Amino acid sequence: MSHVEGLPLTRGVPQRADTRLRIRRQGRWLLGLLVPAGAALAWELAVRAGLANGRLMPPPSVLGATLLDLAQGGDLALHIRATLARMAAGFALGVLAGTALGVLTGTFAGVRAALDPTLQALRAIPSIAWVPLFILWFGIFEASKIMLIAVGVAFPVYLGTLGAIRTVDRRIVEVGRSFRLGRLALARRILFPAVLPHYVVALRSGLGLGWMFVVAAEFMGASEGLGYLLVDGQQLGKPAQILAAILVFALLGKLTDTLLVAAAAPFLRWQDVAQDVVPGEPPRRREPC
Amino acid sequence: MLSLRHVGKTYPNGAEALAGVTLEVAPGEILAIVGGSGCGKSTLLRLVAGLEGASAGRIALDGVPLAGPHPAIGIVFQEPRLLPWLTVAGNIGFGLTHLSRPAREARIAAALARIGLPDYGGRWPRELSGGQAQRVALARALVVEPRVLLLDEPFSALDAFIREDLQGHLLALWSDTRPTLVLVTHDIEEALVLADRVVVMQPKPGRITQVLTIDLPRPRARTGADLLHLKQQVLGLLRHARPAAAKANAYAASPAA
Ligand SMILES: Nc1ncnc2c1ncn2[C@@H]1O[C@H](COP(=O)(O)OP(=O)(O)OP(=O)(O)O)[C@@H](O)[C@H]1O
Ligand SMILES: [Mg+2]
């Protein structure tokens, strides 16, 4: 992409305002940490003081020890890797399918009329209901798990993509038409950038659902993965292990979401959003100017 | 030469926006179109711009019938419609992708200087005022050097002071390459100050009531006796062209008129 046309990466807000903003952001980040840290500390003290029983709800120190234990044996890395691999494959597949369907139905009214009702009906099925069928179809190993995650990811991505394409401002499209852009150029130079912010949001909700479904997938008989740690912890009565796995899920979910937002951020710098809005959130509907 | 012959437009919902419009605009001419709301002014421009197809008649540029957007015809809309994901420079250069980068950047820089925003190339559209954004939109349409530029109430959203400023800008830009300008406006004074001819339209169906030739030397004083006289004449025509129900509140009473 050319310098003028491309989504430029460098420019902008005066340096000073930028820095001030960053400091404010960091401050808020710390503020967000305050509540969980406070709760953890309170629980730890309560258990130590004998005010609460830490057996079913182990205090942070026990949790830390369990995590350390899992990490030192190399188990934690193994489970995380297994879960991440499934998640990556399922997410990629789901994004691919959801995007392709969304672009097709969003672009061609005929395809939309033909496919959208069916897809909406499929979407209405609680995806967990597919589990038995997927096991019959794809076996109990990786394929069925990946498919389940993909199904979970595909629908929000499909909906988001379709919605984004359908709501592109007609007036902006007319600008492209008045410059005699062909179908492809129109898609590349007008539709794609116009849709991008909404698409990022769709990816984020897809990712969120993907994390939900990876757990469901791993409940159906996995021998490794964070979901396996959950099942194992329940069967062997190890609440600390369950909580440790939950904690890792929380961290991974947040981390992947942050990475997604960070990857998209350079392309969305043009967005005119209120300062408080979470980055990557859909832009406020605004008169194009 | 832009020519329209018996052009009609009926929208799919049955609204007859234009009927039997015949008009010729000479190269380099500035033509203003005035008329009440809903009399088909925007429709007329959209037909010429190729954004909408005519249901009857023929529109031709230099004898060649138009089918769809034409490279020599540009349009500036009422709102700037800048692409928010491109910088000001990116917006101005939007129609210049066929040029090499140095050539494109040179043209953009020249255009920015011409509209009085030389340092604004790196800004985002959201960082512009309404008047600045409209100037950028004007530059975007003009850098491709169209032979015909259509303007649909380009300054109507701006206050009177900025509007006069931009009218001056438009005349200056026009004098560079002398494109044909077709300017739709609600502001009769604007029409009289800028145009060689003023087309007065009336609604239901949209058609031309009268074409006035403004034979005054430029630059024109807004308060000149000739101009004020012409203004009264146009107001009279517009009042006459209004549907009976609307005549009660005279055209002159509405602020932008
Ligand atoms: N897309 C459309 N579909 C159906 N009818 C339309 C459409 N656009 C305009 N019309 C109708 O056509 C007529 C002319 O509309 P047009 O927008 O050309 O008027 P105008 O002279 O530009 O008015 P204004 O001064 O308010 O901008 C109006 O009666 C309007 O209701
Ligand atoms: Mg109009």
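Residues numbered from 1 in each chain as written. Chains lettered and ligands numbered in written order. Predicted model: local features only at pLDDT ≥ 70, side-chain atom pairs only at ≥ 80, totals over all residues. Heavy atoms only, no water.

**A look at the overall build of chain A**
Operational definition: Secondary structure follows DSSP: runs of H or I at least 4 residues long count as helices, runs of E at least 2 residues long count as strands, and numbering of each begins at the N terminus. Categorising residues by exposure relies on relative accessible area from a 1.4 Å probe, with only protein chains included: less than 20% of the type maximum marks a residue as buried, more than 50% marks it as exposed, and the intermediate range marks it as partly exposed. Any two residues whose heavy atoms approach within 4.5 Å are treated as being in contact. For the accessible areas, the method is Shrake-Rupley and the probe is 1.4 Å, while residue cover comes only from the protein chains on display.
On a plain count of helices and strands, chain A comes out with ten helices and zero strands. The secondary structure elements of chain A, listed N-terminal to C-terminal, are α-α-α-α-α-α-α-α-α-α. Residues classed as buried in chain A amount to 42% of the 289 residues present. Within chain A, contacts between residues separated by at least 24 positions form 71% of all contacts whose residues are at least 6 apart in sequence. Of the roughly 16,000 Å² of accessible surface on chain A, 69% is carried by carbon and sulfur atoms.

**Regarding the UniProt feature "domain: ABC transporter" (unreviewed entry) in chain B**
Quick note on the threshold: UniProt positions are given in the numbering used here, feature names are shortened, and annotations may be inferred rather than shown by experiment.
As recorded in UniProt, the feature "domain: ABC transporter" (unreviewed entry) lies at residues 2-228 of chain B. Along residues 2-228 of chain B, the helical share is 31% and the strand share 26%, with 30 Å between the first and last C-alpha atoms.

**Some remarks on the sheet that holds strand 10 (residues 207-213) of chain B**
Residues and elements named next belong to chain B. Stated formally: A strand pair is defined by DSSP finding two or more bridges across the two strands. Here the axes come from fitting lines to C-alpha atoms, over the contacting stretch only for helices, and the angles between their N-to-C directions go from 0 to 180 degrees.
Within the open sheet, the six strands sit side by side as 6-7-8-3-9-10. Their pairing is mixed. The open sheet has two edge strands with one neighbour each: strand 6 (73-76) and strand 10. Taken over all neighbouring pairs, the strand axes of this sheet differ in orientation by 20 degrees on average, direction set aside. Bridging between strand 3 (residues 30-35) and strand 8 (residues 180-184) involves four bridges; their strand directions are parallel. If you follow Ile33 over to strand 8, its bridge partner there is Val184. The strands touched by helix 7 (residues 225-241) within the sheet are strand 3, strand 9 (197-202) and strand 10, with strand 9 carrying the most contacts at an inclination of about 20 degrees.

**What to know about the site of ligand 1**
All names here are of chain B. Basically, it comes down to this: A single heavy atom is enough: if one lies within 4 Å of a molecule or strand, its residue is considered near that molecule or strand. Definition of a polar contact: a pair of N or O atoms within 3.5 Å, with one able to donate and the other able to accept a hydrogen when the atoms are protein atoms, and with sequence-neighbouring residues admitted only if both atoms are side-chain atoms. When residue character is reported, Ala, Val, Leu, Ile, Met, Phe, Trp, Tyr, Cys and Pro are called nonpolar, Asp, Glu, Lys and Arg charged, and the others, Gly included, polar.
Every one of the 13 residues lining ligand 1 counts as a neighbour, but Ser37, Gly38, Lys41, Ser42 and Thr43 are closest to it. Residue Thr43 places a side-chain N or O atom 2.5 Å away from an oxygen atom belonging to ligand 1. Within the side chain of His186, an N or O atom sits 3.4 Å from an oxygen atom of ligand 1. Here ligand 1, which alone exposes 630 Å², has 62% of that area covered by the protein. Per-class residue counts for the shell around ligand 1 are four nonpolar, seven polar and two charged.

**Notes on the packing of aromatic side chains**
Filter applied, for reference: Pairing of aromatic rings covers Phe, Tyr and the six-membered ring of Trp, with a centre-to-centre limit of 6.5 Å; geometry is then stacked below 30 degrees between planes, edge-to-face above 60, and tilted otherwise. The rule for a charge over a ring is simple: NZ of Lys or CZ of Arg within 6 Å of the ring centre, and within 35 degrees of the ring normal.
Scanning the model with the defined rule gives seven aromatic pairs over all chains in all. Arranged with centres 5.8 Å apart and planes meeting at 20 degrees, the rings of Trp130(A) and Phe134(A) form a pair that is stacked. In this structure, Trp130(A) and Phe134(A) share a single accessibility class: buried. Ring centres of Phe134(A) and Phe138(A) lie 5.5 Å apart, and the angle between their planes is 70 degrees; on these two criteria the pair is classed as edge-to-face. Of this pair, Phe134(A) and Phe138(A) both sit in helix 5 (residues 131-138), separated by four residues, roughly a single helical turn. Ring pairing ties together the aromatic residues Trp130(A), Phe134(A), Trp137(A) and Phe138(A), which thus form one cluster. The ring of Phe94(B) carries Arg189(A) above its face, with NZ or CZ at 3.9 Å from the centroid. Between the NZ or CZ atom of Arg81(B) and the centre of the ring of Phe77(B), over which it lies, the distance is 3.7 Å.

**Quick word on the interface of chain B and chain A**
Threshold: By definition, the buried area sums, over both parts, the 1.4 Å-probe accessible area that each loses when the two are put together. What makes a salt bridge here is a side-chain nitrogen of Lys or Arg within 4 Å of a carboxyl oxygen of Asp or Glu, nothing more.
Each partner contributes residues to the interface: chain B has 34 residues there, and chain A has 30 residues. A buried area of about 3,000 Å², summed over both sides, lies between chain B and chain A, and 63% of it is on carbon and sulfur atoms. Of all residues in chain B, the largest losses of buried area upon contact with chain A belong to Trp85(B), Phe94(B) and Arg126(B), amounting jointly to 27% of the total for that side. Applying the counting criterion to the chain B and chain A interface returns three salt bridges.

**Quick word on the pairing of strand 3 of chain B**
Within strand 3 of chain B, six of the six residues are buried, leaving the element largely enclosed by the surrounding structure. Taking every second residue as pointing to the same face, both faces of strand 3 of chain B are buried, with Ile30(B), Ala32(B) and Val34(B) on one and Leu31(B), Ile33(B) and Gly35(B) on the other.

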